[in-house]
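Coordinates in review
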Amino acid sequence: MNVHLIGLAGGSGAGKSWLTTRLARRLGADCARLSLDDFYRDRSHLTPARRARINFDHPRAIDWPLFQVVLQRLAAGQPTEAPCYDFSTHCRRPASRLIQPRPFILVEGLWVWHRPRIRELFALRVFVECPSKLRLARRFKRDTAERGRTEEEVLGRFAGQVEPMQQRFVEPLKRTAHQVLCSPVRASAVAQLERQIRHLIVT
């Protein structure tokens, strides 16, 4: 089986997961999903107070060697175990997830192709661009409802870490993207992207 890795990058709250979900529905059994979020380094050896002070919007928070190995194995058509991360505790969960190779692997995350050796693994790199105010509104809703954050924590982290790291590490990815989509992404753009992805099989 020929496996094509599709990278979807962009800022926190840009709509990467929304776009990935819509694409996965359209691609059906031809695709699998992988999130860079699950490759945050395990912090179970630290106290909860120290975990809360970590800058999770800096690329160094990611276990890049493990991420590269998983991508390489999937690209080679091998079933691969991937970690699962718990944002409420900032720790990896005990159980991993087995990902079966598919013609298309949708890989989403802030800095999916941050490293050059990883960048070259992707057949298609899509950057989702979104205004800061909209990203903050989406992150506020998500983090208070799903990740146990308080309003003050969300606002403080966004101003102190998210936006500075956005400008330093996320925005530069646009220069190496094959395609840039503006959020909210229209249904017609999702359909066009699906056609572009499926075309990879015959090129």
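Conventions we followed
Residues numbered from 1 in each chain as written. Predicted model: local features only at pLDDT ≥ 70, side-chain atom pairs only at ≥ 80, totals over all residues. Heavy atoms only, no water. Buried < 20%, exposed > 50% of the residue type's maximum accessible area, 1.4 Å probe, protein only. Helix = DSSP H or I, 4+ residues; strand = E, 2+ residues; numbered from the N terminus. Pairing = 2+ DSSP bridges. Expected span 1.5 Å × (residues − 1). Bend = angle between axes of the 7 residues up to and from the residue. Contact = heavy atoms within 4.5 Å. 1 Å grid on protein atoms, 1.4 Å probe; cavity = no way out; pocket = protein on both sides within 12 Å on 5 of 7 lines; lining within 4 Å. Points joined across faces, edges and corners; volume = space filled by probe spheres on them.

**Quick notes on the pairing of strand β2 (residues 31-35)**
The buried fraction of β2 is high, at 4 of 5 residues. In terms of strand pairing, β2 meets strand β7 (residues 104-109) through 5 bridges, oriented parallel. When the sheet's bridge partners are listed, S35 is paired in β7 with E108.

**A word on helix α6 (residues 151-170)**
The first and last C-alpha atoms of α6 sit only 24 Å apart over 20 residues, clearly below the 28 Å expected at 1.5 Å per residue. Where α6 bends most, the angle comes to about 45 degrees, and this point is F158. Turning to α6, its buried residues number three or more, namely V154, R157, F158, Q161, V162, E163, M165, Q166, F169 and V170. Its buried side turned inward, α6 meets β1 (4-10), α2 (48-52), β8 (122-129) and α5 (132-146).

**What to know about the environment of L134**
Within the element layout of this structure, L134 appears in helix α5. Using a relative accessible area of 30% as the deciding quantity, one classes L134 as partly exposed. Between the C-alpha atom of L134 and that of P116, which follows or precedes it by 18 residues, the distance is 30 Å. Beyond its immediate chain neighbours, meaning those up to four positions away, L134 contacts S183 and P184.

**What about the layout of surface pockets?**
Estimated volume of the largest pocket: approximately 670 Å³. Considering the residues around the largest pocket, the lining is formed by 30 residues, among which K16, S17, D37, R142 and R147 are closest to the centre. Mapped by element, the contributors of at least two residues to the lining of the largest pocket are α1 (16-27), β2, β7 and α5. Top element by residues in the lining of the largest pocket is α5. It accounts for 6 residues.

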